[in-house]
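As a plain string of letters, each chain reads:
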Amino acid sequence: MSKKNTTDVIVIGAGFAGMYALYKFRKLGLRVRVYEAGSGVGGTWFWNRYPGARCDVNSLEYSYQFSDELQQEWSWSERYSAQPEILEYANHVADRFDLTKDIQFDTRVLALEYDETTNLWIGKTDKEDKFVTKFCVMATGCLSKHNVPSIDGLDQFQGELLHTGKWPHSPVDFKGKSVGVIGTGSSAIQSIPIIAEQAGSLTVFQRTPNFSVPAHNAPMDKTHEAKVKENYQEFRAQNAAQPAAIRMTINPDSALDVSEDERVSVFERSWQEGGLPFAASFSDIGINLDANATAVDFVHQKIRGIVNDPEVAQMLCPQTVIGCKRLCVDTDYYETFNRKNVDLVDIKKTPIKNITESGLRTSAAEYKFDSLVLATGFDAMTGAILSMDIKGRDNELLADRWKAGPKNYLGLTVNGFPNLFMITGPGSPSVLSNMIVAIEQHVNFIANLLEFILKNDKEKVESNLNAENNWVELVNNIAGQTLYTSGCNSWYIGANIPGKPSVFMPYIGFPSYVEKCNEIVKDSYRGFEFS
Ligand code: N01
């Protein structure tokens, strides 16, 4: 084996997590190599190039804070950045910190096996038979394994078949075409208004409607940007103290303690402000069913006010709790259903039977399309990790260990899989927080842990089973106090993937998570075992 294939740390993935991990671990003097399946950096923002792809976190927050020079020199053009600009930012970071020389692109890691005699991980990629490393870091992303539904005849379709999560790199031209979209999650809600503008006709196949709030995106307010940049550190610290590490003013009032008029005017203000802060209109929307129902009513009224055809409006009104699936943020989504060239089909009433050569057939009708878009989401949080064949101590497969759900400690480590770390893994705040903030916190934690191992001449670290059991119980107890587990089929609990164990995966509450991590470190890395 060539020396080139032996490193201290292998990082898998060159999205925002992998890029910062490379930067940080290099600073420790470690030899680091990153494997990336794509041909460029950016992760989510490299793959999700569908029309309308845009971040739902404010641009001034959705960026790295590890380098003050970087955050001062970069300027965003809009309140919510679009995918091309975020990808440009990722490339700028890669160039600025000379990252690409240690990233091997177009290379997918297939397998990892822990060798107990040497305490090393032996890996295999689709390009090389063997690499050896002491530490493995999964920077594989929470929403990176796209979900292709098993619908009969999918391989028969002769037109253009697209998936929002794996969009082509060359422009897709829908002009004058007949297009079908399956799915109505965030990706669909962002892309449908733009596809509708271009296409001759668009038919949307909806299984479950979703709640969406207008983004009210706008050009960046340069005065506001300058003000933030004057004291960026304080701005970041204030945001990190918020439950999702996203800046929003949480109204301390209960939705049930105010008059109907006052409640509607608060919701109206939030609706006009736009975006995810709608969920913070009152303190109890996420924890009290009656309070939640008032928000549901308000959004239903909005949908009925926007969509001209009452039957279509009714189909678009979700009959679940608001926020138990990720709230969507849109530009002109509901308005799009007033267009003459757009139809909505309820596939709960008339299910898709099969895909045909020229379109698809439901139980009620046959449709013909030039292009069919699958906006069917991801095998979230565990999908990318489990798509590798990972064997720990005693040849145990991670897939077997996680058969009943992804048991782990802090969303970072798994007993029996020493020196292997996850960034924003299941059991950490990840998808219920500003991802870049969560990534930096995790990478810093892992870097400190590696430093501790090296300083103290330890060979390996892993979490103990007791700590893992307690951690998973805590994650579920916290979720149980909210409406996240109130019965909707969200990807937070793996319900969108047939056969996936039903376990709530993210930790709710970024500040309390950070506090727990800090306590654990202070307490000599309680719950971790070193040898
Ligand atoms: O995926 P989803 P997504 N037959 O899982 C339907 C992030 N994101 O890519 O609800 C028919 O939400 C499925 O129906 P149902 C964000 O965190 C962020 O849109 O299961 N339909 C659903 O309607 C988001 O939550 C941004 O009944 C099928 C849709 O496909 C996450 O990514 C933008 C089906 C999938 O929706 C995932 O969003 C985009 C089948 N067999 C994404 N299988 C922003 O930052 C699935 N569906 C703004």
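Calculation notes
Residues numbered from 1 in each chain as written. Predicted model: local features only at pLDDT ≥ 70, side-chain atom pairs only at ≥ 80, totals over all residues. Heavy atoms only, no water. Helix = DSSP H or I, 4+ residues; strand = E, 2+ residues; numbered from the N terminus. Expected span 1.5 Å × (residues − 1). Domains from an automatic or database assignment. Contact = heavy atoms within 4.5 Å. Buried area = accessible area lost by both parts, 1.4 Å probe. Salt bridge = Lys/Arg side-chain N within 4 Å of Asp/Glu carboxyl O. Core = buried A, V, L, I, M, F, W, Y, C linked by side-chain atoms within 4.5 Å. Buried < 20%, exposed > 50% of the residue type's maximum accessible area, 1.4 Å probe, protein only. Near = heavy atom within 4 Å. Polar contact = N/O pair within 3.5 Å; in protein donor to acceptor, adjacent residues only side chain to side chain. Areas by Shrake-Rupley, 256 points an atom, 1.4 Å probe, with all protein chains shown as cover.

**What about helix α14 (residues 435-455)?**
Piece 1. With 21 residues, α14 extends 30 Å from end C-alpha to end C-alpha; this agrees with the ideal 30 Å at 1.5 Å per step.
Piece 2. One or two positions beyond α14, positive phi appears at Asp-457, with a value near 50°.

**Side note on the domain arrangement of the protein**
Piece 1. One can read the domain layout of the protein as domain 1 (3-145 + 380-530) and domain 2 (154-374).
Piece 2. Put simply, the middle of domain 1 and the middle of domain 2, counted by C-alpha atoms, are 27 Å apart.
Piece 3. Contact with domain 1, which involves 44 residues of that partner, is made by 52 residues of domain 2.
Piece 4. When residues of domain 1 are sorted by the area they lose upon contact with domain 2, Tyr-50, Leu-60 and Leu-483 head the list and together hold 19% of the total.
Piece 5. Counting across the domain 1 and domain 2 interface gives one salt bridge.

**Observations concerning the nonpolar core**
Piece 1. Core analysis: the biggest nonpolar cluster contains 131 residues, and Phe-16, Phe-25, Phe-278 and Leu-410 have the highest contact counts within it.
Piece 2. For this core, the domains that each give at least three residues are domain 1 (3-145 + 380-530) and domain 2 (154-374).
Piece 3. Apart from residues no more than four positions distant in its own chain, Phe-278 is found in contact with Val-213, Phe-267, Ser-270, Trp-271, Ile-285, Ala-295, Phe-298, Val-299, Ile-322 and Leu-327.
Piece 4. Within the second largest apolar cluster, 19 residues are counted, among which are Ile-10, Tyr-114, Trp-121 and Ile-385.

**Side note on the site of the ligand**
Piece 1. Of all residues adjacent to the ligand, which total 23 residues, the nearest are Thr-184, Ser-187, Arg-207, Thr-208 and Lys-325.
Piece 2. Ser-186 is positioned with one of its backbone polar atoms (N or O) 2.9 Å from an oxygen atom of the ligand.
Piece 3. Contacts to the ligand include Trp-491, whose side-chain N or O atom sits 3.0 Å from an oxygen atom.
Piece 4. Look at the ligand: alone it shows 920 Å² of surface, and the protein chains cover 88% of it.

**Quick word on the environment of Cys-55**
Piece 1. Position of Cys-55 among the secondary structure elements: in the loop between α2 (44-47) and α3 (68-73).
Piece 2. Expressed as a C-alpha distance, the spacing of Cys-55 and Gly-123, which sit 68 residues apart in the sequence, is 34 Å.
Piece 3. Filtering out sequence-adjacent residues up to four positions away, Cys-55 remains in contact with Trp-45, Tyr-62, Tyr-80, Ser-81 and Ile-86.

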